[in-house]
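Fold and geometry: a report
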Amino acid sequence: MARRHCQALSCCLVVVLLFILASSSSASTLEHMCKYVATTRKDIGYDYCIKFFQANKTSAAADNRGLGVIATQISRAAASDTLKRIDTLLASEKDKKIHARLSDCRVLYSAAVNLLEVAANLNAVVSDTYTCENGFRVLGVTSPLAAEDARFLKDCSIALIITSTFW
Ligand SMILES: *[C@@H]1O[C@H](CO)[C@@H](O)[C@H](O)[C@H]1NC(C)=O
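Residues numbered from 1 in each chain as written. Predicted model: local features only at pLDDT ≥ 70, side-chain atom pairs only at ≥ 80, totals over all residues. Heavy atoms only, no water.

1. Things to note about the environment of Cys49
Our working definition: For helices the rule is a DSSP run of H or I covering at least 4 residues; for strands it is a run of E covering at least 2, with both sets numbered from the N terminus onward.
Structurally, the position occupied by Cys49 is in helix α3 (residues 46-53). C-alpha separation for the pair Cys49 and Ala38, spaced eleven residues apart in sequence, amounts to 7.8 Å.

Written out as structure tokens, the structure is:
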């Protein structure tokens with residue numbers, strides 16, 4: 001039981017990181033994003049993706065970056081709930097082997113909660129960088145920070161990709 005939960009969690013994290021990486025192309029919809037997820041991850045599928053986002057009503061009107069934020073929030077809440085459930089199970093579990101497995105899962109879920117927080121923060125940082133660049137675009141002038149912003153976005157993406165390899 002616990003093992004299956006852990007595997008489901010790592011799948012979920014891959015998806016969240018995919019969302020964040022995919023969030024560079026703005027102006028899309030929930031349906032678009034879920035179609036993208038369904039083609040990238042056949043094991044997850046369109047219907048599951050839509051159902052996943054129903055946990056937050058604002059997802060219906062969110063753009064890609066918003067969906068990335070919402071996805072990390074939903075996943076983080078789920079990981080926190082599971083962490084509480086693991087603590088309850090640990091308190092009453094007498095079997096040493098099962099206890100040890102549950103402890104392994106506890107480490108994993110604690111890491112997940114922290115990782116998702118980092119992912120959400122990185123996503124916010126990436127989003128701010130786009131806002132910075134858009135400010136110049138709206139004025140119709142070339143951004144004096146274009147090189148720095150582009151480089152920073154690449155650096156952040158590398159950070160996200162490396163973070164995702166932990167799973
Ligand atoms: C839904 O997502 C928005 C935007 O990220 C967030 O501000 C809000 O707290 C979320 N609502 C719930 C119920 O999680």
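2. Side note on the site of the ligand
Condition: The criterion for a residue being near a molecule or strand is simple. One of its heavy atoms has to lie within 4 Å of it. For this analysis, a polar contact is any N or O atom pair within 3.5 Å, provided that within protein one partner can donate a hydrogen and the other can accept it, and provided that sequence-adjacent residues contribute only side-chain to side-chain pairs. Per-residue accessibility takes into account occlusion by the displayed protein chains alone, with areas from the Shrake-Rupley method and a 1.4 Å probe.
Asn56, Thr58, Val69, Ile70 and Gln73 make up every residue found near the ligand. At 2.3 Å, a side-chain N or O of Asn56 approaches an oxygen atom of the ligand. Protein burial of the ligand: of its 360 Å² of free accessible surface, 40% is covered by the chains.

3. Comments concerning the state of the cysteines
Rules: In what follows, a disulfide is any cysteine sulfur pair within 2.5 Å. Burial classes: relative accessible area under 20% of the type maximum marks a residue as buried, over 50% as exposed, and values in between as partly exposed (1.4 Å probe, protein chains only).
Evaluated as defined, the whole model comprises one disulfide. Paired through a disulfide, Cys34 and Cys49 show a sulfur-sulfur distance of 2.0 Å. Judged by the torsion about the S-S bond (-75°), the Cys34/Cys49 disulfide is left-handed. Within this pair, whereas Cys34 is found in helix α2 (residues 30-40), its partner Cys49 is found in helix α3, the two being separated by 15 residues in sequence. Neither Cys34 nor Cys49 differs from the other in exposure class; each is buried.

4. Concerning α3
Residues separated by three or four positions in an α-helix point in the same direction, a consequence of the helix having 3.6 residues per turn. Condition: Starting at the helix axis, one direction is taken to each C-beta atom, and the arc is that of these directions.
For α3, the full list of buried residues reads Cys49, Ile50, Phe52 and Phe53. For α3, the angular spread of buried residues about the axis comes to 160°, placing them on one side. When the buried face of α3 is taken as reference, the exposed residues oriented beyond 90 degrees from it are Asp47, Tyr48 and Lys51.

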